[in-house]
Amino acid sequence: MLAKRSNIVWVRLKVNQLLILSFLVLCSGVWGAERHPGQRVYETYCAACHDNPEEAQARSLNTLRRMIPALVEHALRDGRMSAQGSVLSDEQIRDVVNYVAGAVQGTDDWELALRCDADRQEADIHGEVYASTFGLGHKNHRAMSAEQAGLKTTDLVNLELAWSLGFPNVTMMRSQPVMVGDTLFVSPVETQKVFAFDISGTPCLQWTYQSDRVLRSSLTFGYLENGQSVLTFGDTQAAVHMVDAATGNLLWVTSLRRFPESIITGTPQIYDGRVFASISQFEIMLGAQPTHLCCKSRGAVAALDAQSGEIIWFTPTLPDARPQRDRGDGQMIWGPSGAPVWTSPAIDEKRGLLYVGTGESTSEPAHHQTDAILAIRLNDGEVVWSFQATEQDIFLAGCWRSRSLNCPPEYSVERDVDFGASVIIAQRADGSDILLAGQKSSVVWGLDPEREGQVVWRWSYGTGTANGGIHWAMAYDGETVFAPINDPGRPRPGFQPVPGIYALDVNNGALRWGHTTEPECDGREERAPRCSYLHGFSAAPLLVDRGVVTGSLDGMLRIFDADTGDMLFKYDTNRAYATANGVTGHGGAIDSAAFVAGNGLLLVNSGYGMFGQPQGNVLLAFKVKRD
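Below: a short report on this structure.

Reading guide: rules and limits
Residues numbered from 1 in each chain as written. Predicted model: local features only at pLDDT ≥ 70, side-chain atom pairs only at ≥ 80, totals over all residues. Heavy atoms only, no water. Helix = DSSP H or I, 4+ residues; strand = E, 2+ residues; numbered from the N terminus. Buried < 20%, exposed > 50% of the residue type's maximum accessible area, 1.4 Å probe, protein only. Contact = heavy atoms within 4.5 Å. Areas by Shrake-Rupley, 256 points an atom, 1.4 Å probe, with all protein chains shown as cover. Salt bridge = Lys/Arg side-chain N within 4 Å of Asp/Glu carboxyl O. Core = buried A, V, L, I, M, F, W, Y, C linked by side-chain atoms within 4.5 Å. Pairing = 2+ DSSP bridges. Axes fitted to C-alpha atoms, helices over the stretch in contact; angles between N-to-C directions. Polar contact = N/O pair within 3.5 Å; in protein donor to acceptor, adjacent residues only side chain to side chain. Phe/Tyr/Trp six-rings, centres within 6.5 Å; stacked < 30°, edge-to-face > 60°. Lys NZ or Arg CZ within 6 Å of the ring centre and 35° of its normal.

As for the overall build of the protein chain
Right, so step 1: Along the backbone of the protein chain there are nine helices and 41 strands.
Right, so step 2: Of all 627 residues assigned to the protein chain, the portion counted as buried reaches 61%.
Right, so step 3: Sequence separation of 24 or more characterises 59% of the internal contacts of the protein chain that already satisfy a separation of 6 or more.
Right, so step 4: Only carbon and sulfur atoms are counted for the fraction: they give 50% of the accessible area of the protein chain, which is about 24000 Å².

So this is what it looks like as structure tokens:
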């Protein structure tokens, strides 16, 4: 009897074990199905950077999930992630693209719904040109009178949101709009599109230009010699586009790509029948990879015929790279390389020159035209003179993690202190010209264009960093230059952050006033998770009458009195919006080319999903609040 009962217990145990085993097998199948095949690829090849977006100067995984798959695939096959993509199979690329960017946020149906009625369909190309290009003129002053903007200083204390536009699958708003009459030209670059909106009332859509490339730069509006109105801009494959401003039809595309890493960041300028374009590069993001043959790419400036797009001259910032030394494994380090041109050219009609700033070296030797201001002859592209601010600045992103065979030698200062801010052609009180140049080292330089860039004065506040200092631009009102500083607010040995906006006397660089920003995190931590230290001013400021329009990386719009530094207006753009075009909208970081005004409106881009900053997808229009 006891043996029989023991057998029954044994059978029951075996049955229970089999049931448990079957359950585990079933669950393992489910769990295996839940683990996306692209997740393994991401964790192996991508997570080290994209899970540490600030240090790696990358987009976070959350930001990638808002992008359309075509943009992620472009980055892996032909863009910034091509080094990582080169070791992946086609199947792995498809898997990881589907994993990180498979959730498309919306469609383009809003474009059909927002089409203008017949009486508003024509672009207002003959109206007043309120804002034509990034620098608001060939001298890059970034200043608008009350008449140009339709806004007085006293209006700036009393603004309210008039309307907003949202763009699906966009994570950063980096392209400054152009405004002519009642037409607003906008390029949310990740959409690969340019839009023309009638803004005489509630915005409606007049036309759309669709590119097969990822766009990148801000827009420039101008006229050809035959009187035709046009828009020009650059893309991530270093091509310049020219479209008819009346219709959005493509007129020409010209490639200026000389290296796989070439891109266009600065805004092309239209002047005297030519388009002047600057070329940057992203080999700085690839060079630390030990599988990468480092480094050969370089920046450049080019002049194109505005009518045809034909290249008139092409001027590299550096000579051809040559083998320099064995890096230790039989492969050679090549150089010089680097000197990308992030800036929009400044055009000096009086001297027949244009001025651009260059970036760091990406390999040895560090050429004297890196971290420099170049004066280039408009007629033939010859470099007439150069001024170097920082010597021996060789830098590769990724060397912060580990020292690969390509990482800079010990003698490099390794700071990544580009001239990213477009040069301003200004005047001192005695009528003499002065060039104003802002650097990521947190230095503003006053240079004499009559004496080949001789230093007139130098102002420095803080030490700057690869993500700090002066980024995109400064603004100038005839007497004062306004310099934003972006320093991430995390003190460490040898670095004291001073994020904010600072007003300097253009005659001698003396500080007139300054505003250093402090964290504002109460109730905002979820929307701006790094607000305790990412609250600096990176975006190009804008002068509207006597108001200095600025914005911070946590999404706060601020306007200061240009004379006193008193704050006139403050608005948190980092929030959700019910947009005029029905697209789900949310603000984020204010960065890059964020501000322009005209028609009584102040326009603000909000959202910049890079470096750990809050992503966003909205263009905001502010008007004067009426009682």
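Moving on from the model shown.
Brief notes about the pattern of salt bridges
Right, so step 1: Counting across every chain of the model gives 27 salt bridges.
Right, so step 2: A salt bridge links Asp-554 to Arg-524; the shortest N-O distance between them is 3.1 Å. Of the two residues, Asp-554 sits in the loop between strand S34 (547-551) and strand S35 (556-561) while Arg-524 sits in the loop between strand S32 (511-516) and strand S33 (542-544), which places them 30 residues apart along the sequence. The burial state of Asp-554 is the same as that of Arg-524; both residues are buried.

Comments concerning unusual backbone geometry
Right, so step 1: In this structure, Cys-295 follows Cys-294 across a cis peptide bond, with omega equal to -10 degrees.
Right, so step 2: Along the chain, Cys-295 turns up in the loop between strand S14 (274-281) and strand S15 (300-305).
Right, so step 3: The backbone of Arg-142 sits at a positive phi, close to 50 degrees, despite the residue not being glycine.
Right, so step 4: Note on placement: Arg-142 falls in the loop between strand S1 (129-131) and strand S2 (143-144).
Right, so step 5: Residue classification places Arg-142 among the buried residues on the basis of a relative accessible area of 1%.
Right, so step 6: Its identity as a non-glycine residue notwithstanding, Asn-599 has a phi of 60 degrees, on the positive side.
Right, so step 7: Along the chain, the position of Asn-599 falls in the loop between strand S39 (595-598) and strand S40 (601-606).

Considering the nonpolar core
Right, so step 1: By size, the foremost hydrophobic cluster in this structure holds 48 residues, and its most contacted members are Phe-167, Phe-197 and Leu-602.
Right, so step 2: Of the residues forming this core, the biggest block, six residues, is contributed by strand S41 (residues 618-624).
Right, so step 3: Ile-424, Ile-470, Val-481 and Leu-504 belong to the second-largest nonpolar core, a separate cluster that totals 18 residues.

Observations concerning the sheet that holds strand S6 (residues 193-198)
Right, so step 1: Taken in spatial order, the five strands make up an open sheet running S1-S4-S5-S6-S7, and their pairing is antiparallel. This sheet does not close on itself; its edge strands, each paired only once, are S1 and strand S7 (204-210). Sheet twist, expressed as the average angle between the axes of neighbouring strands with direction ignored, equals 20 degrees.
Right, so step 2: Summarising the sheet, strand S4 (residues 178-180) and strand S5 (residues 183-186) pair through three bridges and their orientation is antiparallel.

Thoughts on the environment of Gln-388
Right, so step 1: By the secondary structure assignment, Gln-388 is in strand S24 (residues 383-388).
Right, so step 2: For Gln-388, a relative accessible area of 21% puts it in the partly exposed group.
Right, so step 3: Gln-388 has contacts with His-367, His-368, Thr-370, Asp-371 and Ala-372, leaving out every residue within four places of it along the chain.
Right, so step 4: Side-chain polar atoms of Gln-388 contact the backbone oxygen of His-367, separated by 3.1 Å.
Right, so step 5: A distance of 3.1 Å separates a polar atom in the side chain of Gln-388 from the backbone oxygen of Thr-370.

Description of the sheet that holds S41
Right, so step 1: Taking strand neighbours across the sheet as the criterion, the four strands line up as S3-S41-S40-S39 in an open arrangement whose pairing is antiparallel. Of all strands in the sheet, those bounded by a partner on one side alone are strand S3 (159-166) and S39. Looking at each pair of strands side by side, their axes are set apart by 25 degrees on average, direction ignored.
Right, so step 2: Here S3 pairs with S41 via seven bridges, running antiparallel. By the bridge assignment, Leu-165 is partnered in S41 with Leu-619.

Brief notes about the packing of aromatic side chains
Right, so step 1: Under the criterion given, the structure shown has 20 aromatic pairs.
Right, so step 2: Ring centres 6.1 Å apart and planes at 40 degrees place the aromatic pair Trp-513 and Phe-560 in the tilted group. Here the residue Trp-513 occupies a position in strand S32, and Phe-560 occupies one in strand S35, the gap between them amounting to 47 residues.
Right, so step 3: Residue Phe-560 is classed as buried on the basis of its relative accessible area of 0%.
Right, so step 4: Ring plane angle 5 degrees and centroid distance 6.4 Å describe the contact between Phe-569 and Tyr-571, whose orientation is recorded as stacked. Judged on exposure class, the residue Phe-569 and its partner Tyr-571 are both buried.
Right, so step 5: An aromatic cluster is present here, built from Trp-110, Phe-167, Phe-195 and Phe-197 joined pairwise through their rings.
Right, so step 6: A cation sits over an aromatic face here: Arg-258 above Phe-314, 4.2 Å from the ring centre.
Right, so step 7: When the ring centre of Trp-334 is taken as reference, the NZ or CZ atom of Lys-296 above it lies at 3.9 Å.

This is a description of form; function is not addressed.
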